[in-house]
Amino acid sequence: MAFTFTDLVEVDLGKLATAVSDWKKAVDGLKKSAESARTGMQSKSDSARWAGVNATVTREFVAKTAKEVADLHTEANSIYQVLEDGHTELQSLQKQIRTAVQDDAAKLGVRVQDIGEGKVRCFFPHMRGDTDERTQDQLDGKQALEDRINQILAHAAEIDASVARALAKSHGSDPCNAGHSTYESLNDAEVERALELAHKGDKMSDAELRELNQLLRFNSGEKDGEFATEFYQGLGGPEKTLQFYAEMSIDGTGGDATKTRLDAVRDLQKVMGYTLANATDPDHAHHLPDSWGAEFRRLGTRQIGWEPGQWNKPYGYQVLGGLLRYGNYDPRFINPIAEHVTQLHKKDPYFFLSNKPDGSPDIYGFNPSGELGSGNDPLNSVLEALGHSPEASEKFFTQPPTAYNEDGTVKKDGKLGFDSYLDLLTDKKFEWTADTNSANILADEDRAKTITGYGPDALGHALEAATTGLPYGSDAVSPPHSKEAADIYHKLVERYGANPEDLDDSPMRDSLGNITADYMRDVQGAFIGDGGNVAGTHGASAHLGNFDAGSNPEGLSPGVLKNFLGAVGKDPDAYGAIVTSQESVTTDLVNDAFHHADRYKELAPEIANRVNAGGEIAGIMAESRTQAVVDEKIASDAEFNKGVATADKWAGRIIGMGIGKIPVGGEVAGWVVEDIQESVVENFTRDSTPEALKDRDAFLEQQQASSAQAIYDATYTAAKEAGYDDVNAQSQATAAKREIEDSYGLGRQRAGK
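Residues numbered from 1 in each chain as written. Predicted model: local features only at pLDDT ≥ 70, side-chain atom pairs only at ≥ 80, totals over all residues. Heavy atoms only, no water.

*Asks:* Can you lay out the packing of aromatic side chains for me, pointing to particular residues and giving the numbers?
*Replies:* Here the distance between the centres and the angle between the planes together describe a pair of aromatic rings. Scanning the entire structure with this criterion turns up 21 aromatic pairs. Consider the rings of tyrosine 232 and tryptophan 292, whose centres lie 6.3 Å apart with planes at 85 degrees: the pair is edge-to-face. Taken as a pair, tyrosine 232 in helix α7 (residues 226–235) and tryptophan 292 in helix α10 (residues 291–300) lie far apart in primary sequence, 60 residues in all. The buried category is assigned to tyrosine 232, whose relative accessible area is 0%. Classification of tryptophan 292 by relative accessible area gives buried; the value is 8%. Between the aromatic rings of tyrosine 329 and phenylalanine 333, the centroid separation amounts to 5.9 Å while the plane-to-plane angle is 25 degrees, which identifies the pairing as stacked. For phenylalanine 333, a relative accessible area of 6% translates into the label buried. Taken together, the ring pairs in this structure connect Phe227, Phe231, Tyr232, Trp292, Phe296, Tyr329 and Phe333 into an aromatic cluster. In this arrangement the basic side chain of lysine 737 is found over the ring face of tyrosine 712, its NZ or CZ atom lying 5.9 Å from the centre. (Phe/Tyr/Trp six-rings, centres within 6.5 Å; stacked < 30°, edge-to-face > 60°. Helix = DSSP H or I, 4+ residues; strand = E, 2+ residues; numbered from the N terminus. Buried < 20%, exposed > 50% of the residue type's maximum accessible area, 1.4 Å probe, protein only. Lys NZ or Arg CZ within 6 Å of the ring centre and 35° of its normal.)

*Asks:* Please provide a residue-by-residue account of helix α23 (residues 603–631), values included.
*Replies:* The terminal C-alpha atoms of α23, which comprises 29 residues, lie 41 Å apart, in line with the 42 Å expected from a rise of 1.5 Å per residue. Taken as a whole, α23 carries its principal kink of about 30 degrees at valine 611. Of all 29 residues that make up α23, 25 are buried, and the element is covered over most of its length. Remark: lysine 633 follows α23 within two positions and exhibits a positive phi of approximately 55 degrees. (Expected span 1.5 Å × (residues − 1). Bend = angle between axes of the 7 residues up to and from the residue.)

*Asks:* Kindly report on the packing of helix α14 (residues 390–398) against helix α18 (residues 483–498), identifying the contributing residues and their values.
*Replies:* Where α14 contacts α18, the axes come no closer than 10 Å and their chain directions differ by 60 degrees. Considering the angle they form, α14 stands oblique to α18. The chirality of how α14 crosses α18 is left-handed. Note on element contacts: α18 touches α14 through Glu484, Ala485 and Ile488, opposite Glu394, Phe397 and Thr398. Split into classes, the residues belonging to the contact of α14 with α18 amount to three nonpolar, one polar and two charged. (Axes fitted to C-alpha atoms, helices over the stretch in contact; angles between N-to-C directions. Parallel < 35°, antiparallel > 145°, perpendicular 65-115°, else oblique. Left-handed = near helix turned anticlockwise from the far one by under 90°. Contact = heavy atoms within 4.5 Å. Nonpolar A, V, L, I, M, F, W, Y, C, P; charged D, E, K, R; others polar.)

*Asks:* Break down the pattern of salt bridges for me, with residues and values.
*Replies:* Here the structure, examined in full by the defined rule, presents 29 salt bridges. The partner of aspartate 502 in a salt bridge is lysine 428, with the nearest N and O atoms 3.4 Å apart. Remark: lysine 428 occurs in the loop between α15 (421–425) and α16 (445–452) and aspartate 502 occurs in the loop between α18 and α19 (509–518); sequence separation between them is 74 residues. In this structure lysine 428 comes out as exposed when scored by relative accessible area, which is 64%. Through salt bridges with shared partners, a single ionic network connects Arg165, Arg193, Glu196 and Glu211. (Salt bridge = Lys/Arg side-chain N within 4 Å of Asp/Glu carboxyl O.)

*Asks:* With reference to specific residues and values, describe the pairing of strand β1 (residues 111–116).
*Replies:* For a regular strand, the rule is simple: side chains alternate between the two faces of the sheet. By the bridge criterion, five bridges tie β1 to strand β2 (residues 119–123) in an arrangement that is antiparallel. Paired with glutamine 113 across the two strands is arginine 121, which belongs to β2. In this antiparallel pair of consecutive strands, β1 and β2, the connection spans two residues, and glutamate 117 shows a positive phi of 55 degrees. (Pairing = 2+ DSSP bridges.)

*Asks:* Which residues make up the side chain of threonine 436, and what values go with them?
*Replies:* Within the element layout of this structure, threonine 436 appears in the loop between α15 and α16. A distance of 2.8 Å separates a polar atom in the side chain of threonine 436 from a polar atom in the side chain of aspartate 362. Apart from residues no more than four positions distant in its own chain, threonine 436 is found in contact with Lys356, Asp362, Ser374, Asn376, Ile441, Arg447 and Ile451. (Polar contact = N/O pair within 3.5 Å; in protein donor to acceptor, adjacent residues only side chain to side chain.)

*Asks:* I'd like to hear about the side chain of threonine 253, residue by residue, with values.
*Replies:* Mapped onto the elements of the fold, threonine 253 is located in helix α8 (residues 238–253). Overall, the relative accessible area of 4% leaves threonine 253 in the buried class. Polar side-chain contacts of threonine 253 include one of 2.8 Å to the backbone oxygen of serine 249.

*Asks:* Any details on the environment of leucine 459? Residues and values, ideally.
*Replies:* Its place among the elements puts leucine 459 in helix α17 (residues 454–468). Here leucine 459 falls in the buried class, since its relative accessible area comes to 1%. Separated by 76 residues in sequence, leucine 459 and leucine 383 place their C-alpha atoms 5.8 Å apart. Not counting residues within four places of it along the chain, the set of residues in contact with leucine 459 comprises Leu383, Phe397, Leu425, Thr426, Trp432 and Met508.

*Asks:* Which residues make up the environment of alanine 277, and what values do they have?
*Replies:* Position of alanine 277 among the secondary structure elements: in helix α9 (residues 259–279). In this structure, alanine 277 is in contact with Gly327, Asn328 and Tyr329, ignoring residues within four places of it in sequence.

Right under this line is the structure:
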């Protein structure tokens, strides 16, 4: 029976712990008995000279008795191991759910209600005088807590069911015959059940497929990789793995599939991907041998069938690509595959598309998620894999390429015709394909542009991971930038800053905006012209300042960084990320100056120096937004407002990078982040009515005033927090505001106007 919310919170696991202890004593006792039976009774029986009836009946009875004692020990040990693991797992889950209910729910001001069937709902209780209005952050927090508690309950139910099933199999159905299924751990029982379900293939019921997904989900992240490795080995090897996943994908995306089945297969795609990433990590205690990677490469260009007499067979890489889209993969496994796929695409971009099922829905195939392509072109898939695998992605773009033969073996002394995958994939002449099942996309120009943009979009995700050290889409604070990662960003700025027109309407711009936000300290340092000494860098420097043979020999040509920012800022999401991170760094720098005022003869010039760069960047962004909305009409002002509203995570990430500019912590740092978020939304959200967009200059002047006001507010708040009186705080803020107005105009000029 599944755990209910009340069961898990209130159950006394001490009784289970006692049972575990009792079974441990039984195991130890039976071990001695079994050993005694083997070395005593059995040994004497084997060496005795039997005659007559004793030679058959008595000797056989002694042997059978010794075996039963040994079987009893085996059965008892199996029960003990399963119970012990089950107790450990449930104890951890109980602690998690109690923390969620007693601490996290209380902080959010929500209550948790048991609604039965192993689920809860969280809600804000009505209080007298309360308007019951909640912010989006509050609603999101409530939903996240509800989802987390329900996942804990589902995990507890899976443990409960697995323990019960293992105990039943260990005991068997014959009370007079010990020794049936044996397990060294609960993990063994869970793997056994997962494979039992998987071997049914598309004959699994919806309920069985959901059960398989749960088993994979709750065990795919185990640090030692034991479950993941045993599961994939149990499928029967690389080819059997591809056949199983292919069969299930088509079963879930075919014309007869229900939405329930499609959702379950989408879930299977994710959890099998996470599990494969775990199983192929050589650093785990348990992992698949290197031969799996080599075999996947061999099968990559071979057609895979899973039904007798099958006609239309996909290539191995098309199937594998669906799994690779999920999971953080080790570079030793994923990079040879990514290199091989990229080289195959360069040689013939349409090799894999030659057998695509034209006319089917785009969800049909081996990428049931439907995100960034149908999955026919595995290049998109491996780029998405790199987007989730930061270490692998960084190495993919920075290390010298290795040439591969068509069968996936290394080509000795092979010539590739390019120096790096960064150069190859950002080359304007690189040919991207339309990864869709649609038969004719040329009839719809907008749709064709969207579909051919899937590849560059996936490339952007891979570059995000390579430069930030985080899987793309992560809300975490990035680790300090490595020299290799910073070098990639430097090359991107140089590449597109020299040719900004190559980013016109590019699907990569949102990713480049996210990367720029993560490197905002480098960007601000380049504008300040201090080599990053004041703005700081988060790890290695990207050397974005202007080239100088003496002071900055690794720098860029003049104007390159401004051109890059101007081109990227035309994307609404990139704009939101950049202006939020710029405001965050500028606020950080201003706070730092006030808290170290004793270092300077006059503070006002130092404040002006520190806000100047932010003003220039704000001016560049304003010009980019105006060009996109008013001049080129490639995005709406409402889209830019949305980009600002959804970029709030950057304030926390920038302040959380640990540079130490704001000498505050805990709750104080929290309100600093909130102030930045509110200021950005208030000052960079525009009136998007057609009337407001008629006068270009008025539109830009409004943005200038808002940028200046944002810095005024930040400077005034920092001064007051540092102990300045109101008159002096206003004076400092006004001076900073004037500096922003001047530098804003300079930024506009440098953006091309």
